[in-house]
Amino acid sequence: GQNIDQPTEMTATEGAIVQINCTYQTSGFNGLFWYQQHAGEAPTFLSYNVLDGLEEKGRFSSFLSRSKGFSYLLLKELQMKDSASYLCAVILGGSGAGSYQLTFGKGTKLSVIP
Amino acid sequence: ETGVTQTPRHLVMGMTNKKSLKCEQHLGHNAMYWYKQSAKKPLELMFVYSLEERVENNSVPSRFSPECPNSSHLFLHLHTLQPEDSALYLCASSQAYPGGGLYNEQFFGPGTRLTVL
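What you see is a predicted model, and the numbers here were worked out from it, not measured in a lab.

What counts, and at which threshold
Residues numbered from 1 in each chain as written. Chains lettered and ligands numbered in written order. Predicted model: local features only at pLDDT ≥ 70, side-chain atom pairs only at ≥ 80, totals over all residues. Heavy atoms only, no water. Pairing = 2+ DSSP bridges. Helix = DSSP H or I, 4+ residues; strand = E, 2+ residues; numbered from the N terminus. Axes fitted to C-alpha atoms, helices over the stretch in contact; angles between N-to-C directions. Contact = heavy atoms within 4.5 Å. Buried area = accessible area lost by both parts, 1.4 Å probe. Salt bridge = Lys/Arg side-chain N within 4 Å of Asp/Glu carboxyl O. Polar contact = N/O pair within 3.5 Å; in protein donor to acceptor, adjacent residues only side chain to side chain. Nonpolar A, V, L, I, M, F, W, Y, C, P; charged D, E, K, R; others polar.

Section: the sheet that holds strand β1 (residues 4-7) of chain B
Residue and element names in this part refer to chain B. Pairing within the open sheet is antiparallel, and its four strands lie in the order β1-β3-β8-β7. Both edges of this open sheet fall to β1 and β7 (64-70), since each of them pairs with a single strand only. Averaged over all neighbouring strand pairs, the angle between strand axes comes to 20°, with direction disregarded. Direction of pairing for β7 relative to strand β8 (residues 73-79): antiparallel, over a ladder of five bridges. Within the sheet, the bridge partner assigned to P66 lies in β8 and is L76.

Structure below.
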């Protein structure tokens, strides 16, 4: 299957830490992306994971466990501008229809409050 | 120059109209994509072009017709649309398809907000 699950909405306080989870049930997994999308704007790339472990990039980190079909995006020192939707997207690898397509989750709408 | 541009940004059309969406990428990429984004739904891949050839067509109704005249330009021709086709239409490009790994990193345009009356 290609189910990709993320919470629909989350709320967190400015300056805090928030973790956005993503679980997936795909065959032929070949990598996972996180994108940020502000309302009315294009999604923009945040991170890419293909091996297990944590990738850190400034205030944002992304974690992957392939055996558990699980990833999370960690946002530290939250700022008001971090209010956006966060999209988890999985690459299917291999041959045949759908090869190497990005399959997106529905996205998690994060609201940062003062 | 912005990486991926789309025109128009907003479009309102009747069900009997014919219109086209345009996408242009300035990144030297070889693959281009059309996505549909509806409220409370995940991004839905519609079409993929690699080196100007259509490589994927995800069961999209024939009232949507893509065209890729060269690797920098992608069009989506629209005719006799339905109100449920109202959505944000996003164009994206990537270095290669298929490519795996970061070759799949997709760069998105700002989208066209389409309303079908």
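A closer look at the sheet that holds strand β8 (residues 70-75) of chain A
All names here are of chain A. Sheet architecture is open: five strands sit in the order β1-β3-β8-β7-β6, paired in antiparallel fashion. Only two strands of the sheet have a single partner each, and these edge strands are β1 (3-5) and β6 (53-57). Between one strand and the next, the sheet's axes are offset by a mean angle of 15°, whatever the strand orientation. Summarising the sheet, strand β3 (residues 18-25) and β8 pair through six bridges and their orientation is antiparallel. The residue of β8 that forms the bridge with C22 is S71.

Observations regarding the interface of chain B and chain A
Frequently, the measure chosen for interface size is the accessible area that the parts lose on association. Listed per partner, the contact involves 24 residues of chain B and 21 residues of chain A. Summed over both sides, the interface between chain B and chain A buries roughly 1,700 Å², with carbon and sulfur atoms accounting for 59% of that surface. Viewed at the interface, chain A and chain B are joined by zero salt bridges. Where chain B meets chain A, there are two residue pairs in polar contact (both at pLDDT 80 or more). Looking at the side of chain B that touches chain A, the elements that each hand over two or more residues are β4 (31-37) and β9 (87-94) of chain B. Looking at the side of chain B that touches chain A residue by residue, the classes come out as eleven nonpolar, eight polar and five charged.

A short note on the pairing of strand β6 (residues 53-57) of chain B
Residue and element names in this part refer to chain B. As judged from the four bridges shared by strand β5 (residues 44-50) and β6, these two strands associate in the antiparallel manner. Bridge pairing in β6 places Y49 opposite R54. Counted along the chain from β5 to the antiparallel partner β6, the turn is two residues long, and its residue L51 has a positive phi close to 50°.

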